[in-house]
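Read off the chains here:
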Amino acid sequence: MKKEPTTKLAILHRLADGQFHSGEALGQALGVSRAAVAKHIKSLKDWGLEIYRVQGKGYCLDKPMQLLDGDKIVSNLGRVDVFAEIDSTNQYLLDHVPELEQGSVCLAEYQAAGRGRRGRKWVSPFGHNLYLSMYWNLSAGLGAAMGLSLAIGIATVEALEKLDIHGVKLKWPNDLYYQDKKLAGVLVELSGQTGGVADVVIGMGMNIAISEQDSQAITQPWTCVQDIVAERDIDRNQLASALIESWHQTLVEYEVSGLSSFLTRWQRLDNYFGRPVRLIMGEQQHQGVMKGINEQGAVLLENEQGTQAFFGGEISMRGAD
Ligand code: BTN
C-alpha cells in the first residue's frame, strides 16, 4: 500500500474550509513547527493548489474545496483505494492485480503521471476532477476488451443522468462530450491474459471544475461538469460512488451479453450519429455519415460505397482539423 504524506494532508484538510488558518495554529494542532508548516504549504502548491498567505491572518486556499473521502465513497462491490497523490490510478491497479478483487477501484486527487490514449499525458491537477480506475477480470477474454470503453461510456452517461446532469454524449470509442467539447476520456489497459481470461484496468479522467490556469495544458476544446450544472455544486464523492455502481452493473451485463444490449443505448447518446465525419487512421482518412456501432464495437460509416465498419482510428468533424 502506498504511504500517504499525512501532515501535508492534515494541513490541507484544515484549509479545505476556505478560511484563514495561522501557521502557529496549524503547527500546534498537528504537533509540528511553523517552519514545517511552511514547508508543507510549499509542497501543496507543487500539486497546483493556490494558497495565499496574509500577514497576521495565516494561510488560505483561493476557494473552499471538497476532498475525496474513502468513507463517503460507498462501494459494497469491491475495495476502494483513495490517494491524495499517485503516478497513475491505472498503473496502481496494474501493479497490484494479484491482490485485487473484481471491481476494485483506485481514485486519486492528483496524478503525477496521468496518461491518456496514444501515449498522451492526462492533465491531472489536484482536487477538482475525477481520476478513477477499476480492475476487471474479463472472462470473455481479450477479444471483448474492445467494446469495454463503449459500455463504460454508456454506464457513465447514465450515471450522470441519474444525478440530474444531462446532455452528455459519447464520441466513439472512448470519449464523453458535452456540446462538442471533451468532458472525459476512458483508457482501457490490459495487464495480461491467463487461459482466455483477461485482466483489464479501465480508467477515466473526468473534468469536474478546471481552472483557467490548469486548462492551459489541455490541447483540445474541453468542458467540465461544473460548466454543465452551473449553479449547483458537485459532490465528487457522490459522483464517484454513482460511477462505481454503474460501471460494476454494466460490466456484469457486458460479460453476459456483450455489446448487443448496448447498441440502441449507444445510438441515443452518440454525439455524431447522422453527422458527416472523418475517421483518421494514421495516414488514411475515411469520410462518411456516422451510423453508430456494431456488436463488435466497430464504428459504422455510410458513404457512396455503402456502410463500412472500422475498428480503429479517431473521429473528427468533417472539414474540421
Ligand atoms: C484519453 O482521453 O486519452 C483517456 C484519458 C484517461 C485518463 C484516466 S485518469 C484515471 C486513469 N489513470 C490514468 O493514468 N489514466 C486514466
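Residues numbered from 1 in each chain as written. Predicted model: local features only at pLDDT ≥ 70, side-chain atom pairs only at ≥ 80, totals over all residues. Heavy atoms only, no water.

K.L.:
Looking at this structure, I do not really get helix α1 (residues 6-15). What am I missing?
P.N.:
Three- or four-residue spacings in an α-helix give side chains the same orientation, since the helix completes a turn every 3.6 residues. When we look at burial in α1, the residues that qualify are K8, L9, A10, I11, L12 and L15. Residues of α1 that are buried make contact with α2 (23-30), α3 (34-46), β1 (51-54), β2 (58-61) and β3 (80-86). (Buried < 20%, exposed > 50% of the residue type's maximum accessible area, 1.4 Å probe, protein only. Helix = DSSP H or I, 4+ residues; strand = E, 2+ residues; numbered from the N terminus. Contact = heavy atoms within 4.5 Å.)

K.L.:
I'm lost on unusual backbone geometry in this one. Help?
P.N.:
In most cases, non-glycine residues show a negative phi, while peptide bonds are predominantly trans. The residue after W172, namely P173, is reached through a cis peptide bond having omega -5°. If you trace the backbone, P173 turns up in the loop between β6 (168-171) and β7 (175-178). Here D180, not a glycine, exhibits a phi torsion of approximately 65°, which is positive. Residue placement: D180 occurs in the loop between β7 and β8 (181-194). The partly exposed category is assigned to D180, whose relative accessible area is 34%.

K.L.:
Can you help me understand the site of the ligand in this one?
P.N.:
The immediate surroundings of the ligand are formed by 20 residues, with S88, Q111, R115, R117 and K182 found nearest. With respect to the ligand, the side chain of Q111 contributes an N or O atom lying 2.9 Å from a nitrogen atom. Within the side chain of K182, one N or O atom sits 2.6 Å away from an oxygen atom of the ligand. When the free accessible area of the ligand is taken as 410 Å², the share hidden by the protein chains comes to 99%. Comparing atom positions with the cavity grids shows the ligand to sit within the largest pocket. Listed by contribution, the elements that provide at least two residues to the shell around the ligand are α4 (89-95), β5 (130-138), β8 and β9 (197-206). No other element matches the four residues that β8 contributes to the shell around the ligand. (Near = heavy atom within 4 Å. Polar contact = N/O pair within 3.5 Å; in protein donor to acceptor, adjacent residues only side chain to side chain. Areas by Shrake-Rupley, 256 points an atom, 1.4 Å probe, with all protein chains shown as cover. 1 Å grid on protein atoms, 1.4 Å probe; cavity = no way out; pocket = protein on both sides within 12 Å on 5 of 7 lines; lining within 4 Å. Sits in = over half its atoms within 2 Å of the grid points.)

K.L.:
I tried to follow the nonpolar core on my own but got confused; where do I start?
P.N.:
Core analysis: the biggest nonpolar cluster contains 62 residues, and L130, W172, M206, L239 and W247 have the highest contact counts within it. Among the elements that make up this core, the one with the highest residue count is helix α5 (residues 145-162) (ten residues). With sequence-adjacent residues up to four places away left out, L130 is seen in contact with L68, L107, M204, G205, M206, I208, R236, L239, A240 and L243. Listed in part, the 19 residues of the second largest apolar core include I11, I41, Y59 and L67. (Core = buried A, V, L, I, M, F, W, Y, C linked by side-chain atoms within 4.5 Å.)

K.L.:
So what exactly am I meant to see when it comes to the sheet that holds β7 here?
P.N.:
Picture the strands of a sheet paired through backbone hydrogen bonds; they go either parallel or antiparallel. Strand order in the open sheet made by the seven strands is β3-β4-β5-β9-β8-β7-β6, with mixed pairing throughout. In this open sheet, the two edge strands, each paired with only one partner strand, are β3 and β6. Between one strand and the next, the sheet's axes are offset by a mean angle of 20°, whatever the strand orientation. Strand direction decides the pairing type here: β3 and strand β4 (residues 105-111), joined by six bridges, are parallel. Counted as the bridge partner of D81 is C106 from β4. (Pairing = 2+ DSSP bridges. Axes fitted to C-alpha atoms, helices over the stretch in contact; angles between N-to-C directions.)

K.L.:
Help me out: how do you make sense of the side chain of N294 in this one?
P.N.:
Here N294 shows up in the loop between β11 (284-293) and β12 (299-303). At 2.9 Å, the side chain of N294 and the backbone nitrogen of Q296 are in polar contact. Those residues in contact with N294 that lie beyond four places of it in its chain are L259, L263, L300 and A309.

K.L.:
Just to check I follow, could you spell out the layout of surface pockets for this structure?
P.N.:
The probe, sized like a water molecule, is rolled over the atoms to show the empty space still left. There is about 900 Å³ of room inside the largest pocket. Taken together, 41 residues make up the lining of the largest pocket; nearest its centre are R120, W122, D175, K182 and Q220. At the level of secondary structure, the elements contributing two or more residues to the lining of the largest pocket comprise α4, β5, β7, β8, β9 and β14 (314-317). Its residues assigned to classes, the lining of the largest pocket shows 18 nonpolar, 13 polar and ten charged. Of the pockets and cavities examined, the second largest pocket occupies roughly 310 Å³. (Points joined across faces, edges and corners; volume = space filled by probe spheres on them. Nonpolar A, V, L, I, M, F, W, Y, C, P; charged D, E, K, R; others polar.)

K.L.:
In this structure, what is going on with the sheet that holds β14? I would like to understand it.
P.N.:
The five strands are arranged β13-β12-β11-β10-β14 in an open sheet whose pairing can be described as antiparallel. In this open sheet, the two edge strands, each paired with only one partner strand, are β13 (306-310) and β14. When strand polarity is set aside, the average angle formed by the axes of neighbouring strands in this sheet is 50°. Where β12 lies against β13, five bridges are found, and the strand directions are antiparallel. Its bridge partner lying in β13, L301 is registered against Q308.

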